[in-house]
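Understanding the architecture of this molecule
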There are 6 protein chains.
Amino acid sequence: MLTSRQYASMTVSIMANILYQIPGDMTAALGAGELRRREEILRRWAAPGTSVEVADSPGGPLSIESAAEEFLCVGSMLTALSKRDDQPDAVIIGCFGDPGLPAVREVLECPVVGPLEASFHLGAQLGRRVGILTVLESLDPLMESLVRSMGESLNYAGCVAVNVPVLELHKEPQALVDRAAEAARPLVEDRRADVVLLGCMSMSFQDLAGPISQKLGVPVLNPARCALRTAETMVALELTHSRRTYPKPRKAVRGFGSAAVQKTASSS
Amino acid sequence: MLTSRQYASMTVSIMANILYQIPGDMTAALGAGELRRREEILRRWAAPGTSVEVADSPGGPLSIESAAEEFLCVGSMLTALSKRDDQPDAVIIGCFGDPGLPAVREVLECPVVGPLEASFHLGAQLGRRVGILTVLESLDPLMESLVRSMGESLNYAGCVAVNVPVLELHKEPQALVDRAAEAARPLVEDRRADVVLLGCMSMSFQDLAGPISQKLGVPVLNPARCALRTAETMVALELTHSRRTYPKPRKAVRGFGSAAVQKTASSS
Amino acid sequence: MLTSRQYASMTVSIMANILYQIPGDMTAALGAGELRRREEILRRWAAPGTSVEVADSPGGPLSIESAAEEFLCVGSMLTALSKRDDQPDAVIIGCFGDPGLPAVREVLECPVVGPLEASFHLGAQLGRRVGILTVLESLDPLMESLVRSMGESLNYAGCVAVNVPVLELHKEPQALVDRAAEAARPLVEDRRADVVLLGCMSMSFQDLAGPISQKLGVPVLNPARCALRTAETMVALELTHSRRTYPKPRKAVRGFGSAAVQKTASSS
Amino acid sequence: MLTSRQYASMTVSIMANILYQIPGDMTAALGAGELRRREEILRRWAAPGTSVEVADSPGGPLSIESAAEEFLCVGSMLTALSKRDDQPDAVIIGCFGDPGLPAVREVLECPVVGPLEASFHLGAQLGRRVGILTVLESLDPLMESLVRSMGESLNYAGCVAVNVPVLELHKEPQALVDRAAEAARPLVEDRRADVVLLGCMSMSFQDLAGPISQKLGVPVLNPARCALRTAETMVALELTHSRRTYPKPRKAVRGFGSAAVQKTASSS
Amino acid sequence: MLTSRQYASMTVSIMANILYQIPGDMTAALGAGELRRREEILRRWAAPGTSVEVADSPGGPLSIESAAEEFLCVGSMLTALSKRDDQPDAVIIGCFGDPGLPAVREVLECPVVGPLEASFHLGAQLGRRVGILTVLESLDPLMESLVRSMGESLNYAGCVAVNVPVLELHKEPQALVDRAAEAARPLVEDRRADVVLLGCMSMSFQDLAGPISQKLGVPVLNPARCALRTAETMVALELTHSRRTYPKPRKAVRGFGSAAVQKTASSS
Amino acid sequence: MLTSRQYASMTVSIMANILYQIPGDMTAALGAGELRRREEILRRWAAPGTSVEVADSPGGPLSIESAAEEFLCVGSMLTALSKRDDQPDAVIIGCFGDPGLPAVREVLECPVVGPLEASFHLGAQLGRRVGILTVLESLDPLMESLVRSMGESLNYAGCVAVNVPVLELHKEPQALVDRAAEAARPLVEDRRADVVLLGCMSMSFQDLAGPISQKLGVPVLNPARCALRTAETMVALELTHSRRTYPKPRKAVRGFGSAAVQKTASSS
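Residues numbered from 1 in each chain as written. Chains lettered and ligands numbered in written order. Predicted model: local features only at pLDDT ≥ 70, side-chain atom pairs only at ≥ 80, totals over all residues. Heavy atoms only, no water.

**Description of the packing of aromatic side chains**
Two descriptors summarise a pair of aromatic rings, namely the distance from one centre to the other and the angle between the planes of the rings. The final tally for this structure, using the stated rule, is 21 aromatic pairs over all chains. When the centroid spacing of 6.3 Å and the interplanar angle of 40° are considered together, the rings of Phe-120 of chain D and Tyr-156 of chain D count as tilted. With a gap of 36 residues between them, Phe-120 of chain D in helix H5 (residues 115–123) and Tyr-156 of chain D in strand E6 (residues 156–161) connect regions that are remote in the sequence. Classification of Phe-120 of chain D by relative accessible area gives buried; the value is 0%. Aromatic rings pair up to connect Tyr-20, Trp-45 and Phe-205 of chain A into one cluster. (Phe/Tyr/Trp six-rings, centres within 6.5 Å; stacked < 30°, edge-to-face > 60°. Helix = DSSP H or I, 4+ residues; strand = E, 2+ residues; numbered from the N terminus. Buried < 20%, exposed > 50% of the residue type's maximum accessible area, 1.4 Å probe, protein only.)

Spelled out as structure tokens, the structure:
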């Protein structure tokens, strides 16, 4: 082991093209600039040799704050994926609720990563019970349903909301950190979460997991970064989902048109 | 109690308008006649005073045989629901996998019934472990995920498929009964199902639950009929879903337009 | 679908003879009038074509407020059933704790419905977690044991008691509604029940589920009505319990005499 | 530690009066001699200072081979207990299905032991998964319901039956051992039981657990002996059941008359 | 049954040599006198015919207050066991966290009892949910992990700590009883424990379970006494662990030397 | 996104010193060359900027094939860790059974990764049920106990063994792949594993996961590579374990001496 933390520069040729697919229509909601901003952040977070592209799903919901939007966005997301000319090595679903995760896995050959799933499975390696801090209280039943479906109920401490309007999330980072830590405290103390997931992509892209963790005293995970690392791992280890769990559709999926992704799907 | 089974005719004024909403585009797939045929059957099954309408979801998948289609159909189903001028007293989602059940509950005020959920909860009152007999083996992981999310894993015996192509399902009822009973036998004998759900709407509308049950020796449930009875019960008991589990979306859901259903949703 | 809510009268010939069998000796406790009163209410709740008879079990407990009485009543209930000359199409066990449910299923051919089981399975279709509001705190462990045995622990929020003496339950409905809603509030807010069952037949026959629900803000289910609807459904769908879960006793059950019900049991 | 296994005789004054209460009417079924025979065997198994009495429940079922009889016997058992003049220090319910266990705990002050519960909890300390070998296949669902209610589903391997008529159980011990081991083999090999309970009091009183274990290669537990040891332990440690789980009935239980046991119950 | 509690003296020849093996180096920590004191207490608690020896593990931790020490002690404990010349009939691991339980079972032929496991399985027969009262809050995650591994999560109410420094535990018994009961109250009232285990060997050897129980109103179990009774039962019933769960190591375990225990292990 | 897979070389300055700590005495068992061989392989697998050191634990077991060795190795592993002069950024426990994982987390500040835990949580993102393919059948109960403790029982399909002596594992890779795939087939087909973990470090370092997966038709994970990626992720995201689950020992752990690791532990 090197005794000092100085490393020589190295030539890197490992590569992973990772697509961060936002299931809603973020361009319509916040402008294309927000996509570029998130892409830039993800690239900064990415390992050497990883290329990241952020895309959204035209015609999809402006934001995803309900089970209805969780389902509705899947159509536009699959359409957006089907229109691509090139294929990524891995896809991240750019929304904490992992909308359409089994659907996308069915139609694609490459690994598909959900931020909730990826951060939950990483968090479960840091402490006994994992809790979720979201923006909206109304997402609580949806989170619980996803956790149940993952078979993780025994490791789940529940979900609390930070009660800050989404639009104000960007205003004062320090105030947000304070309120987030305060909101998460009963999750830790009363419902005994040992680890907390930041269940909100806006807070994740502000990279506030670290400061909130410091204030709260337990690990806080940024699901965007967890998903990115997990996608890189899947590519590096040449892993993809089991066809026994996510079988390839036997017939063409209507509206999942003529483009590249589907070609991949049907060629194998 | 009347000693004979002869009852006088009675005047009935209880009423329930029930909408059986097929989430795919059945008109495109099988023609409008199939909708009318199913409507007629449902009306025959309905209690006195119940009115049933069958509708489908234009632009939706031609059939639902994958998780991808389970998700994809929700958009067209919500659109179809949002375009209605009148409001039903209850909605049945016309597909065994209960696609979009939480989404539809969120946006509607009236009770929403899923055939899988309704038949599972009825079946669990007839025997310890409930199994599912489907047409396609590939639906097994989807079924298990739904059962997990329902919190019913302990009561679940698993899923087997009757290997008959859907198009041949209509040909010879007796042969189908034989093959279905044969396919379900290992579910009963090896995986110890005490009750079986007919996980397929085509077989349900052929009303083969009775003959298969007779051959198999355990209760076999027709999920279409279970869902219809459950919808009638919800209306009669003036029950609808808890807003703590299915909260009303805080903002308008994009694409869930200007029509009657949404008006209901936003007026309350 | 009919555009107006006016329906013509219809001739009904579907029929179900449903026996609501009270497992205790209500005649001794409250007089035969109470049986007739409950019969009348059930008939009002019944669907067209349903005939309801209420019977009790001479020699059984005066009321059922302990596990001891839950067990003790089964003998007199089976005796009462065995002495009948005619056979019902379905039996409802007229007590929220479903006493002797597996025993009655074993000896009878027709469907047997328990109010707890029926209302729990209906309630689980309205929200994630079901809670129980009883009169007596001491019934909490019994409720939990039944829920465990049903395999529904994951969907259970627990049990709270309304702390009103049973004899005062009838005095002031509005005060009772207020106290019941107040008692149930911690069940909803602290233990996160999304749906509540009215775990008490006296409150059920006062039909207070609606007003309590309105006050509490979550669905509240009347188990007597749920059981009645479920019994009607079982008859309409020609379903009865699985003999794999409730096998027919191989030999005559002592004290389950010579009467009609047993004849049925031994003839099949 | 003594290096040799020779111990001097000791004066023993610890004492426990243990009542082994058979819930059925064994005198009517097999004659009073069978009670004496079982009493003698239990005394042989008992620790020094333990006194054992075997009693049965006049008017109860002749044998307990169904859920119906499991419930039915509780009335005559409680009656028999209520008529006693003296009080035991602990009660064992003399039937593998632990009939009425919560009921007897409610009305008695002293510890009450069930052979299934006692042997399951001892067996779970010998291996991961516990299985049950019964005489009758029809008891399988009852066993599973009891195991669920105990919260032991995860530790349960299931139940198999040795297909020997009860009356022939006494004929040839060696043949019975062979058939029992053969019947239990799939429980061990296919369903992966690591420990087996002898779910049958007749086989238990023939003390065949040892020989079957030797043939089968896994520990086999005699529930009568396990229950006896557990009862002795409860008395020695001055433990009895929690009133939070088994609350004392608030009012006199009808038919649980005027005798000694009830006096105890009502005096505290 | 004897009507009086006077028994004649009896000659006892049942015998069990039980080794209470402390996994740490208690001699180094508290002096050899403490071993002798505990031995004397255990002998007082033992049944007639039982011989008890207390031994510790030279070189092991001075006390066991962390997961690290739970693991670390196993090496010295196995070494101590391997150096013995004679063989006990049963071994009790003298620490509430049952350190190394599966390891000791693997290498020994005789039954091995863990105080947590033994008292949990006894406590589960006294009430629905079992809670643990420890000295150190930091042991909570370890307790939960052990309970999970035992498959007892559903029956577990959690763990609270008494917050009295271990060295002060011996000072004033009455004050300790008061503080222990006070510390356990939220476990009973908020987390709904119906039974409490005294998760601390120091408190166990002060035999405070009885007084705490009286103050707290629920059964409180002394795990040392539970383990002793369970060990006696295993010997009396000639039971030992299943080799399917605790297989004998195929090769000699390094450091588990040449002594008697290993000889037993390798001879069978 | 780059359209071609050609990337320019990049300068890398991210860095992680990862220690792969073998808990046994591999030098004594296989020679120091094997450590260097594994180190070289891990370095090849590592991301750019990661430095890997492989160390073993002098005095520990020669191999770890039993629960006894799982426990025994922890002492020598902690000793080896305490003697280091420098601190790694993350530690991987170099054995599939994750021996001592909670213990090492308690005493260290940096993240500690277990190959079983890391590969299970990655595998659970690729399919519903995860199974384990080991070399020794006797490890099955240990695996199950670890899975239970992780709270992953619902996602676990079980464990099967490839019956090849460890020494022959290196001989013919192709034959080993064939036998491994054959051994795993019943795990996939009968016990319905959708994903398989290679529960054996020797097979992992031969990098046979890919070929076995191809033959078996489901994803097969190499736990050494999964652990390495997870350790890199923990370092990159600046995450370490929650002190609520793995509290820092309050006092010095005996035998966990004066060296660097402990200094870290006691300085914070």
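Text resumes after the structure shown.
**Comments concerning the interface of chain F and chain A**
Between chain F and chain A, the contact holds 67 residues from the first and 65 residues from the second. Taking both sides of the interface into account, the surface hidden between chain F and chain A amounts to around 5,800 Å²; carbon and sulfur atoms contribute 56%. Run the count over chain F and chain A and you get 23 residue pairs in polar contact (both at pLDDT 80 or more). Looking at the side of chain F that touches chain A, the element that brings in the most residues is helix H10 (residues 223–236) of chain F, giving 8 residues. Partitioning the side of chain F that touches chain A into residue classes produces 32 nonpolar, 18 polar and 17 charged. (Contact = heavy atoms within 4.5 Å. Buried area = accessible area lost by both parts, 1.4 Å probe. Polar contact = N/O pair within 3.5 Å; in protein donor to acceptor, adjacent residues only side chain to side chain. Nonpolar A, V, L, I, M, F, W, Y, C, P; charged D, E, K, R; others polar.)

**Re the environment of Gly-75 of chain D**
Structurally, Gly-75 of chain D is set in helix H3 (residues 67–82). Remark: the alpha-carbon pair of Gly-75 of chain D and Ala-32 of chain D, spanning 43 residues in sequence, is separated by 21 Å.

**Some details on the interface of chain E and chain A**
Residue-level contacts link 7 residues of chain E with 5 residues of chain A. Taken together, the two surfaces of chain E and chain A that pack against each other cover about 530 Å², and 33% of this comes from carbon and sulfur. Three residues stand out in chain E for area buried against chain A, namely Glu-144, Arg-148 and Arg-191 of chain E, and they jointly supply 72% of the buried area on that side. Linking chain E with chain A are 1 salt bridge. In this structure, Glu-144 of chain E and Arg-129 of chain A form a salt bridge, with 2.6 Å as the shortest nitrogen-oxygen distance. For the pair chain E and chain A, the interface holds 3 residue pairs in polar contact (both at pLDDT 80 or more). (Salt bridge = Lys/Arg side-chain N within 4 Å of Asp/Glu carboxyl O.)

**A word on the relation of the copies chain E and chain A**
Relating one copy of the chain to the other requires a rotation about an axis plus a shift along that axis. The transform that puts chain E on chain A rotates by 120° and translates by 0.0 Å along the axis, for an RMSD of 0.0 Å. Taken together, the rotation and translation describe the operation of a three-fold axis. Within chain E, Leu-154 of chain E has its C-alpha nearest the rotation axis, a separation of 5.8 Å. (Least-squares fit on C-alpha atoms with pLDDT ≥ 70 in both.)

**Overview of the sheet that holds strand E8 (residues 220–221) of chain A**
Residue and element names in this part refer to chain A. Taken together, the 4 strands give an open sheet; going across it, the order is E6-E5-E7-E8, and neighbouring strands pair in parallel fashion. Every other strand in the sheet has two partners, leaving strand E6 (156–161) and E8 as the edge strands with one partner each. As paired strands, strand E5 (residues 130–134) and strand E7 (residues 195–199) are joined by 5 bridges and run parallel to one another. Each bridged residue has a counterpart across the sheet, and for Thr-134 the counterpart in E7 is Gly-199. Set on the sheet, helix H7 (residues 173–189) makes contact with E5, E6 and E7; between it and E6 the angle comes to about 150°. (Pairing = 2+ DSSP bridges. Axes fitted to C-alpha atoms, helices over the stretch in contact; angles between N-to-C directions.)

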